[in-house]
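Chains, contacts and geometry: an overview
Take a look at the letters that make up each chain.
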Amino acid sequence: MMIRSALAGLVLLASAPTLAASRPRYGGELRAAHAGPPEIGEPALADTPMEAALLGLLTRPVCRVDSDGRLHPTLARELTRPVPQALRVALPSSASATAVARAWTRLSSPDAPSPYRALLYPLRGEGRQVTSSGPTLELALAFPWPDLERSLCHPALAPPPAPASGPFSAAGRGVLEAQPAWPEGRPYLDRLALTATDERGLTRLWSARQVQVELGTPPDNDTLTGAALYATYLAYSPRKVPTDFRQAFESAIDRDDLTRLFVKGPAVPMPNLLPPALLPQGPRARPAAPPMGTTRKVTLAYDAALADQRAVAERIQVKLHEQGYTVALEPQSRSALRGRQARGDFELMLSALLLPPIPGPALAVVLEAGGRRDLLGVELPPIGALADAGARDARGRERALALAPSVPLIPLYAQGLGLRAAPEVSGLVLDAQGLPVLEGAWLSPIEASGGGGRQ
């Protein structure tokens, strides 16, 4: 099913009053607006914060992690460890268990393996041999990995949308209805009315009080901003660019200017392999430019669906020209980019990943994306051997710093999702992934007295 048909309009409308903010009550329709993404059909490719938020209305991974780190089963009914080296995932039905197993297996497709397959690396067979037994998945680990449960909460591990795979279901163009049988408990709202628009449309709808939730809003005093975990890198092929390319690029690019002037929405510069939300960023000196030789020609591929990437690619084109590079820009579909990155079939490429909110699993995804899958078996077992979560996180950060020079990814910036809500919308929170939990929102009595927007 194409997600566009279900999400063709994110205007979320409240039509039934509730009792009080302290006592949420079922009912009502919520209007929301969002900057319209392209068509979404595959969770592993819908990995911008906006796309993941929209797709998450219709399908979810087996669990989610709160902003305080607590794990909640979502699509799954329960996650248990019968022994330390095994995880049992109980799902509502045999069909949902089969769908999850197939989704995980597809991540290791030989044609275009996904960087998110690294999240399943600690499983025996690396997730390629996951099978279901009735409504249950029995997962055996190849080495200790206490962070497996939280890794499985990543949006890229959700199955494709199907009946009862998410908190809402499609009920017509731009309308979603609550799923009464959703394992985590049916949403408080009856319906979401969703409208896709552009930036000017967002501003117009919000100013006219025609919407109650706005996704993708620029940061300001009213904006709630999710964790900036959507990390963008410049990937380069060491076999196809000069040996001094990294030095030339680092000497030419000012990440603060790049982020402030060319990246929209909530964004922060990212000088290290993991974003600031996972790894505190210290000062970093820019190297001197290498001696300029003859003019060198390279091609920079980027995601044609992302306006930010086009602007950043054009800026890189200008700055590298000053270093003696002629850069041809090549817009590509995201699926084509992922396939070329997995094969090493590129010179330069802007590569963006939605990282999990834990340093160890995030490092695994980055190593996979950077073509250093050979390091996963070296780096992950020592992290997983640490029983204390704080010690594992510290080890992941330490190794990210140490490995950065050997990974052909140059970190650029990280982005989060900005949103704002009208006063009558209560209970709207962001999870650890930085995504809104819309099924937990409800409408307070201000709507009953005619308050439809900000006061």
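Residues numbered from 1 in each chain as written. Predicted model: local features only at pLDDT ≥ 70, side-chain atom pairs only at ≥ 80, totals over all residues. Heavy atoms only, no water.

What follows deals with the overall build of the protein chain. In terms of regular secondary structure, the protein chain is built from twelve helices and 21 strands. Relative to the compact-globule value of 23 Å for 455 residues, the protein chain shows a C-alpha radius of gyration of 22 Å, a close match. When its C-alpha atoms are laid out on the principal axes, the protein chain stretches across 70 × 55 × 35 Å. The buried share among the 455 residues of the protein chain stands at 56%. By sequence separation, contacts in the protein chain at least 24 residues apart represent 73% of the contacts at least 6 residues apart. (Helix = DSSP H or I, 4+ residues; strand = E, 2+ residues; numbered from the N terminus. Rg over C-alpha atoms; globule rule 2.2 N^0.38 Å. Buried < 20%, exposed > 50% of the residue type's maximum accessible area, 1.4 Å probe, protein only. Contact = heavy atoms within 4.5 Å.)

Looking now at the domain arrangement of the protein chain. Domain annotation for the protein chain reports domain 1 (26–59 + 160–226 + 417–445), domain 2 (71–155) and domain 3 (230–415). Centre-to-centre separation of domain 1 and domain 2, based on C-alpha positions: 26 Å. Here domain 1 meets domain 2 over a buried area of about 960 Å², counting both sides, of which 60% is carbon and sulfur. The salt bridge involving Glu 42 is made with Arg 106; its shortest N-O contact spans 3.6 Å. Here domain 1 and domain 2 share one residue pair in polar contact (both at pLDDT 80 or more) between them. Residues of the side of domain 1 that touches domain 2, tallied by class, amount to eight nonpolar, two polar and three charged. (Domains from an automatic or database assignment. Buried area = accessible area lost by both parts, 1.4 Å probe. Salt bridge = Lys/Arg side-chain N within 4 Å of Asp/Glu carboxyl O. Polar contact = N/O pair within 3.5 Å; in protein donor to acceptor, adjacent residues only side chain to side chain. Nonpolar A, V, L, I, M, F, W, Y, C, P; charged D, E, K, R; others polar.)

A few words on the confidence of the model for the protein chain. On average, residues of the protein chain carry a pLDDT of 88, and 91% of them reach 70 or more. Note that residues 447–455 has pLDDT below 50 and, in this model, 26 contacts with residues that lie over four places away or in other chains. (pLDDT = per-residue confidence, 0-100.)

As a further point, take the pattern of salt bridges. Enumeration over the complete set of coordinates arrives at 30 salt bridges. One salt bridge connects Lys 264 with Glu 199, and the closest N-O pair in it is separated by 3.2 Å. Placement of the pair is Lys 264 in the loop between helix H7 (255–262) and strand E14 (267–269) and Glu 199 in helix H5 (residues 199–207), with a sequence separation of 65 residues. The salt bridge involving Asp 303 is made with Arg 334; its shortest N-O contact spans 2.7 Å. Taken together, the residues Asp 303 in strand E15 (residues 296–303) and Arg 334 in helix H9 (residues 334–343) connect sequence positions 31 residues apart.

The subject of this paragraph is the sheet that holds strand E5 (residues 86–90). Spatially, the four strands line up as an open sheet ordered E4-E5-E7-E6, and their pairing is antiparallel. The open sheet has two edge strands, strand E4 (78–80) and strand E6 (132–133), and neither has a second partner. Across five bridges, the pairing between E5 and strand E7 (residues 136–140) is antiparallel. Looking across to E7, one finds that Ala 90 is bridged to Thr 136. (Pairing = 2+ DSSP bridges.)

The backbone of Ala 164 sits at a positive phi, close to 70°, despite the residue not being glycine. For Ala 164, a relative accessible area of 39% corresponds to the partly exposed category. The backbone of Arg 209 shows a phi angle near 55°, a positive value even though the residue is not glycine. Its relative accessible area of 43% is what places Arg 209 among the partly exposed residues.

With that settled, the discussion passes to the pairing of strand E18 (residues 409–415). Burial runs high along E18: seven of the seven residues are buried. Pairing of strand E13 (residues 230–236) with E18 involves six bridges; the strand directions are antiparallel. Bridge pairing links Thr 232 to Tyr 413 in E18. In terms of strand pairing, E14 meets E18 through three bridges, oriented antiparallel. If you follow Val 268 over to E18, its bridge partner there is Ala 414.

Between helix H11 (residues 376–384) and helix H12 (residues 389–403), the least distance of the axes is 9 Å, while the angle of their chain directions is 155°. By the criterion of interaxial angle, the relationship of H11 to H12 is roughly antiparallel. Considering how the two elements wind past one another, H11 and H12 form a crossing that is right-handed. Every residue of H12 that contacts H11 at Glu 379, Pro 382, Ile 383 and Gly 384 is listed here: Arg 392, Arg 395, Gly 396, Arg 399 and Leu 403. (Axes fitted to C-alpha atoms, helices over the stretch in contact; angles between N-to-C directions. Parallel < 35°, antiparallel > 145°, perpendicular 65-115°, else oblique. Left-handed = near helix turned anticlockwise from the far one by under 90°.)

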